[in-house]
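The chain contents come next:
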Amino acid sequence: DAGVTQSPTHLIKTRGQQVTLRCSPKSGHDTVSWYQQALGQGPQFIFQYYEEEERQRGNFPDRFSGHQFPNYSSELNVNALLLGDSALYLCASRPGTGDIPYEQYFGPGTRLTVT
Amino acid sequence: TQLLEQSPQFLSIQEGENLTVYCNSSSVFSSLQWYRQEPGEGPVLLVTVVTGGEVKKLKRLTFQFGDARKDSSLHITAAQPGDTGLYLCASPTGSARQLTFGSGTQLTVLP
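The structure presented is a predicted model; accordingly, all values stated were derived computationally and were not measured.

Rules and cut-offs
Residues numbered from 1 in each chain as written. Chains lettered and ligands numbered in written order. Predicted model: local features only at pLDDT ≥ 70, side-chain atom pairs only at ≥ 80, totals over all residues. Heavy atoms only, no water. Helix = DSSP H or I, 4+ residues; strand = E, 2+ residues; numbered from the N terminus. Rg over C-alpha atoms; globule rule 2.2 N^0.38 Å. Buried < 20%, exposed > 50% of the residue type's maximum accessible area, 1.4 Å probe, protein only. Pairing = 2+ DSSP bridges. Axes fitted to C-alpha atoms, helices over the stretch in contact; angles between N-to-C directions. Contact = heavy atoms within 4.5 Å.

### Here's the deal with the overall build of chain B
If you tally the helices and strands in chain B, you get zero helices and eleven strands. Along chain B, helices and strands appear, N-terminal first, in the series β-β-β-β-β-β-β-β-β-β-β. Against the globule reference of 13 Å for 111 residues, chain B gives a C-alpha radius of gyration of 13 Å, in line with a compact fold. In terms of overall dimensions, chain B has C-alpha extents of about 45 × 30 × 20 Å along its principal axes. Within chain B, the fraction of its 111 residues that count as buried is 48%.

What follows is the structure, encoded as structure tokens:
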């Protein structure tokens, strides 16, 4: 059973460009969340998708947008890249909207470097 | 917004030593999770604690949840190089139960 997968593993972009990151959740999971992790910091919540809708959003600008597909996979798009967007982007999945406690499964992340 | 503070930020010890890392908040946790993250990987859940005063053990790791559910600790006995990693505490918050993470404790166990 494959866990959460993310692509690409690494990405280098230039300021002002746009990027799309992809995530496939663990089998049986329909809720996908995205987190940004700066070097030496804990992950910060970007947004969560459930039933193809954005369910909750963290404190990130509109340059960050996402999408969830009918097969529950998800994309994170970042427009007008800034140097400060350089980070590890993590995707996490879990089943449904179940009550706590529950376990979120994280993918290995996409390392984005903006130059 | 609930803030989680972790201490120490960095910890470097010799193999065989014991250590404790801490996670504190000014707000009450509904529940608290501890994760370990190794380089190039995403965080992996170690434990979830829910009840004030709860103690859970996972081999050489002991997790405690404060009576008031505002603090937690992770104690590692006889640390091994394989314990090296970033230890993160996190609490589900918000309507979507998204995770709020602490800034982490970077542990290095030297052989």
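Here the narrative resumes, following the displayed structure.
### So, the sheet that holds strand β8 (residues 71–76) of chain B
Residue and element names in this part refer to chain B. Across the sheet, five strands lie side by side as β1-β3-β8-β7-β6; this open sheet has antiparallel pairing. Lying at the two open borders of the sheet, with one neighbouring strand each, are β1 (4–7) and β6 (55–58). Shown here is a sheet whose adjacent strand axes are inclined to one another by a mean of 15°, direction ignored. Sheet topology places strand β3 (residues 19–25) next to β8; six bridges connect them, and they run antiparallel. Its bridge partner being in β8, Y22 is matched across the sheet by S73.

### Details of the environment of L112(A)
Residue and element names in this part refer to chain A. The residue L112 is located in strand β11 (residues 110–114) in this model. Of the residues examined, L112 reaches a relative accessible area of 1% and is grouped as buried. Separated by 66 residues in the primary sequence, L112 and I46 place their C-alpha atoms 15 Å from one another. Leaving out residues up to four positions away in the same chain, L112 has contacts with L11, K13, V19, L81, D85, S86, A87 and Y89.

### Things to note about the sheet that holds strand β3 (residues 19–24) of chain A
All names here are of chain A. One open sheet holds the four strands; their spatial order is β1-β3-β8-β7, and the pairing between them is antiparallel. The outermost strands of the open sheet, each flanked by one partner alone, are β1 (5–7) and β7 (64–68). Shown here is a sheet whose adjacent strand axes are inclined to one another by a mean of 20°, direction ignored. As judged from the five bridges shared by β7 and strand β8 (residues 74–78), these two strands associate in the antiparallel manner. When the bridges of β8 are listed, Q68 appears paired with S74.

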